[in-house]
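# Geometric and topological summary
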Amino acid sequence: MSLEIGRNFERNEPAKQVLSRAKNRSCWNGSGAVSIPLRSVQRFRRWGLRIGFPDRCLRPQFSPPLFRQPTMIKKLVDYLVYIVVRIAVCVIQAIRIESCVYLAKFLAWLAYDVLKIRRALIDENIAYALPERSSEEQRKIGRGMWEHLVLMCCEIAHSMRKLHETNWRKHVQFKGKDVLVQTLLEPRPRCLVTGHFGNFEVAGYTTGVLGMVTHTVARTLDNRLLDAFVLRFREA
């Protein structure tokens, strides 16, 4: 990866320090090419650096210390997690969606009240967002967050088998669907911004069932197998 020094570089000490560390690690080849982590690209642009990828320095400059490949243990753990998730998806698909509601309530109680997964962070955020609610109401909202998350995953697992072009109206409800369809059919680039209300994954899946081509902006999962599995669902 090559860097061309811009006007603002001489006044920016952090950028100088990064390049100095790169030189000390033998990542600098003396011809204007330096190996840096990809997450630093946007930061370098803010510092006034122009970044290019000439062929002569693209692959040789990605050094192992800065771009580590997954170890065998990491690959094994990812594979085991992937197997567990696929088995869980099969079990969820084998039971009725009404039964998933009771399962979501149980797992929400287990995660929030027993295991207390991220309990302090959840309670803190709810207290900031809804200070007028009582402590009991805030705990109910926190428990409901887990219930919604589990039920959303169950709905995603069922949607791959149950949602079709002829029956999606029985399972999915769109608010403002006239505006949504009109926007998606316009012959120009569009950007739809949605909040995490309802089941946003099923909403994207349903637009694909209806033949509307969309592109989702999402973070890549650390587990490559799970990321490929989720990607296949989103591209279905």
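Here, every reference points to the structure presented above.
The following refers to the structure shown. (Residues numbered from 1 in each chain as written. Predicted model: local features only at pLDDT ≥ 70, side-chain atom pairs only at ≥ 80, totals over all residues. Heavy atoms only, no water.)

### Overview of the overall build of the protein
Counting secondary structure elements, the protein contains 9 helices and 2 strands. Listed by position from the N terminus, the elements making up the protein come as β-α-α-β-α-α-α-α-α-α-α. A burial count over the protein gives 28% of its 236 residues as buried. In the protein, the share of contacts with a sequence separation of at least 24, taken over all contacts with a separation of at least 6, comes to 74%. Carbon and sulfur atoms form 58% of the exposed surface of the protein, whose accessible area is close to 17,200 Å². (Helix = DSSP H or I, 4+ residues; strand = E, 2+ residues; numbered from the N terminus. Buried < 20%, exposed > 50% of the residue type's maximum accessible area, 1.4 Å probe, protein only. Contact = heavy atoms within 4.5 Å. Areas by Shrake-Rupley, 256 points an atom, 1.4 Å probe, with all protein chains shown as cover.)

### Quick look at the packing of aromatic side chains
A full pass over the atoms with the stated rule returns 3 aromatic pairs. Ring centres of Phe106 and Trp109 lie 6.0 Å apart, and the angle between their planes is 35°; this geometry places the pair in the tilted category. With Phe106 and Trp109 both in helix α4 (residues 97–114) and 3 residues apart, the pair spans about one turn of that helix. Judged by its relative accessible area of 44%, Phe106 is partly exposed. Relative to Phe233, the ring of Tyr205 lies with its centre 5.0 Å away and its plane at 0°, an arrangement referred to as stacked. (Phe/Tyr/Trp six-rings, centres within 6.5 Å; stacked < 30°, edge-to-face > 60°.)

### Thoughts on the environment of Gly198
Here Gly198 shows up in the loop between α7 (177–184) and α8 (200–209). When its relative accessible area of 43% is taken as the criterion, Gly198 is described as partly exposed. Distance from Gly198 to Phe174, taken between C-alpha atoms, is 10.0 Å for residues 24 residues apart in sequence.

### Here's the deal with unusual backbone geometry
You will see that Lys116, though not glycine, has its phi angle at about 55°, which is positive. Its identity is not glycine, yet Arg118 carries a phi of approximately 55°, on the positive side. The topology assignment puts Arg118 in the loop between α4 and α5 (119–129).

Distances and angles like these do not, on their own, reveal function.
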